[in-house]
Amino acid sequence: EAGVAQSPRYKIIEKRQSVAFWCNPISGHATLYWYQQILGQGPKLLIQFQNNGVVDDSQLPKDRFSAERLKGVDSTLKIQPAKLEDSAVYLCASSLSGTGGEKLFFGSGTQLSVL
Amino acid sequence: AQSVTQLDSHVSVSEGTPVLLRCNYSSSYSPSLFWYVQHPNKGLQLLLKYTSAATLVKGINGFEAEFKKSETSFHLTKPSAHMSDAAEYFCVVSALASGGYQKVTFGTGTKLQVIP
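Residues numbered from 1 in each chain as written. Chains lettered and ligands numbered in written order. Predicted model: local features only at pLDDT ≥ 70, side-chain atom pairs only at ≥ 80, totals over all residues. Heavy atoms only, no water.

1. Description of the overall build of chain B
Filter applied, for reference: The helix count covers DSSP runs of H or I at least four residues long, the strand count covers runs of E at least two residues long, and both are numbered beginning at the N terminus. The reference for a compact globule is 2.2 Å times residues^0.38; the radius of gyration itself is calculated from the C-alpha atoms. Buried means the residue's accessible area, taken with a 1.4 Å probe over protein chains only, is under 20% of the maximum for its type, while exposed means over 50%, and partly exposed covers the values in between. What makes two residues a contact is simply this: any of their non-hydrogen atoms within 4.5 Å. Reported accessibility uses the Shrake-Rupley method at a 1.4 Å probe radius. Residues are deemed covered only where the shown protein chains occlude them. We score Asp and Glu as negative and Lys and Arg as positive, and we do not count His or the chain ends. A single reference atom marks each charge: NZ on Lys, CZ on Arg, CG on Asp, CD on Glu.
For chain B, the helix and strand inventory stands at zero helices and 12 strands. When its helices and strands are written in sequence order, chain B yields β-β-β-β-β-β-β-β-β-β-β-β. Against the globule reference of 13 Å for 116 residues, chain B gives a C-alpha radius of gyration of 14 Å, in line with a compact fold. Seen through its principal axes, chain B has C-alpha atoms that stretch 50 × 30 × 20 Å. Each of the 116 residues in chain B was classed as buried or not, and the buried ones make up 45%. The contacts of chain B with a sequence gap of at least 6 include a subset with a gap of at least 24, amounting to 56%. Accessible area for chain B stands at about 5600 Å²; split by element, carbon and sulfur atoms hold 52% of it. Taken together, the 9 basic and 7 acidic charged side chains of chain B have centroids lying 7 Å from each other.

Below you can see the structure in the form of structure tokens.
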């Protein structure tokens, strides 16, 4: 089966610019997660969707980050404007139903460098 | 609230010797626990998971972990390290949040170095 697809693989921008990441989860998976992984740290949840509704965005810096999940399938994560501390790998993951105890399937991530 | 503490940020072992990566968790509800591995420039891969069945869980590549409720621990072990085991390992706790959705929390990771 096809895995979680993310693009782009790498992105380099200057601070104050905007950037967008795209994620296509595994077909049929109801739950989609965006994580931020700063070098040397564990992944931190930014936002979690159940179908096309947000169930957890408590750690999303809402003054600069936004995300949407189109028709409960694809998702985009945007940063505007970017700061130096946003340099990280942005991971998208999906799971079947989000009801607990499920394996998460991860994409390869987007590595963002903010200069 | 839930949290995961990985007690060692770096572990170094010689090839052929045992591996022990330590993890303690905190959860208000009956949790599921996972170990994921991340090789350099690769995606996160599930090693094993515990979901309230047998407390000793066997995973891929010879890894296993034991769930100890009294100690709130879920340590990862392997009898004999291989060079290909060098990677970063994440302990993960998952439980149903009050809103009825799965809340997943990652530990900070343990980098395993295997010395030839």
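2. Concerning the sheet that holds strand 1 (residues 5–7) of chain A
Residue and element names in this part refer to chain A. Our working rule: At least two DSSP bridges between two strands are required for those strands to pair. Axes here refer to lines fitted to C-alpha atoms; in helices the fit is confined to the stretch in contact. Angles between the N-to-C directions go from 0 to 180 degrees.
Reading across from one edge, 1-3-8-7 is the order of the four strands in this open sheet, with antiparallel pairing throughout. The outermost strands of the open sheet, each flanked by one partner alone, are strand 1 and strand 7 (65–69). Ignoring which end each strand starts from, the neighbouring axes of this sheet average 15° apart.

3. Overview of the side chain of glutamate 102 of chain A
This is how it is decided: Here, a salt bridge means any side-chain nitrogen of Lys or Arg that lies within 4 Å of a carboxyl oxygen of Asp or Glu. For the purposes of these results, a polar contact is taken to be a pair of N or O atoms within 3.5 Å, where, inside protein, one atom must be able to donate a hydrogen and its partner to accept one; residues adjacent in sequence count only when each atom of the pair is a side-chain atom.
Along the chain, the position of glutamate 102 of chain A falls in the loop between strand 9 (88–95) and strand 10 (105–106). Although glutamate 102 of chain A is buried, it forms no salt bridge, and the closest oppositely charged side chain is lysine 49 of chain B at an N-O distance of 8.1 Å. Within polar-contact distance, the side chain of glutamate 102 of chain A engages the side chain of serine 95 of chain A at 3.1 Å. Here serine 97 of chain A takes part through its side chain, which lies 2.6 Å from a polar atom of the side chain of glutamate 102 of chain A. For glutamate 102 of chain A, the residues in contact, after removing those within four places along its chain, are Ser95, Leu96 and Ser97 of chain A together with Phe34 and Gln102 of chain B.

4. Remarks on empty space enclosed by the protein
Counted only if it meets this: With a 1 Å grid spanning the protein atoms alone, the term cavity applies to any set of points in which a 1.4 Å probe fits but cannot get out, the term pocket to an open set with protein on both sides within 12 Å along at least five of seven lines, and the term lining residue to any residue with an atom within 4 Å of a point. Grid points are joined across faces, edges and corners, and a volume is the space filled by probe spheres set on the points. Nonpolar residues are Ala, Val, Leu, Ile, Met, Phe, Trp, Tyr, Cys and Pro. Charged residues are Asp, Glu, Lys and Arg, and all others, Gly as well, are polar.
Evaluation of the coordinates by the stated rule reveals one cavity of 30 Å³ or more. Here the largest cavity is characterised by a volume of approximately 30 Å³. Surrounding the largest cavity, Glu102 and Leu104 of chain A together with Phe34, Tyr36, Val92, Ser94, Gln102 and Val104 of chain B form its lining. Looking at the lining of the largest cavity, the elements with two or more residues in it are strand 5 (32–38), strand 10 (87–96) and strand 11 (102–106) of chain B. In the lining of the largest cavity, the residues fall into five nonpolar, two polar and one charged.

5. Regarding the pairing of strand 2 (residues 10–14) of chain B
Residue and element names in this part refer to chain B. With burial as the criterion, only one face of strand 2 is covered, namely that bearing Val11 and Val13; the residues His10, Ser12 and Ser14 on the opposite face remain uncovered. When strand 2 meets strand 12 (residues 110–115), the two strands line up parallel, connected through five bridges. Bridge assignment links serine 12 to a residue of strand 12, and that residue is glutamine 113.

6. Points about the packing of aromatic side chains
When we look at a pair of aromatic rings, we describe it by the centre distance and by the angle of the planes. For clarity, the cut-off: Think of it this way: a Phe, Tyr or Trp ring, Trp meaning its six-membered ring, pairs with another when their centres are within 6.5 Å, and the plane angle makes it stacked under 30 degrees, edge-to-face over 60, tilted otherwise. Think of it as a cone above the ring: NZ of Lys or CZ of Arg counts as a charge over the ring if it is within 6 Å of the ring centre and within 35 degrees of the ring normal.
Using the criterion set out here, one finds 14 aromatic pairs over all chains in the structure. An aromatic cluster is built from Tyr33, Tyr35 and Phe106 of chain A together with Phe34, Tyr36, Phe90 and Phe106 of chain B, whose rings are joined through pairwise contacts. When the ring centre of tyrosine 10 of chain A is taken as reference, the NZ or CZ atom of arginine 9 of chain A above it lies at 5.2 Å.

7. A short note on the environment of serine 18 of chain A
Residues and elements named next belong to chain A. Relative to the helices and strands, serine 18 is located in the loop between strand 2 (10–13) and strand 3 (19–24). Note: C-alpha distance between serine 18 and lysine 78 (60 residues apart in sequence) is 7.3 Å. When residues no more than four places from it in sequence are discounted, the contact partners of serine 18 are Ile13, Ile79 and Gln80.

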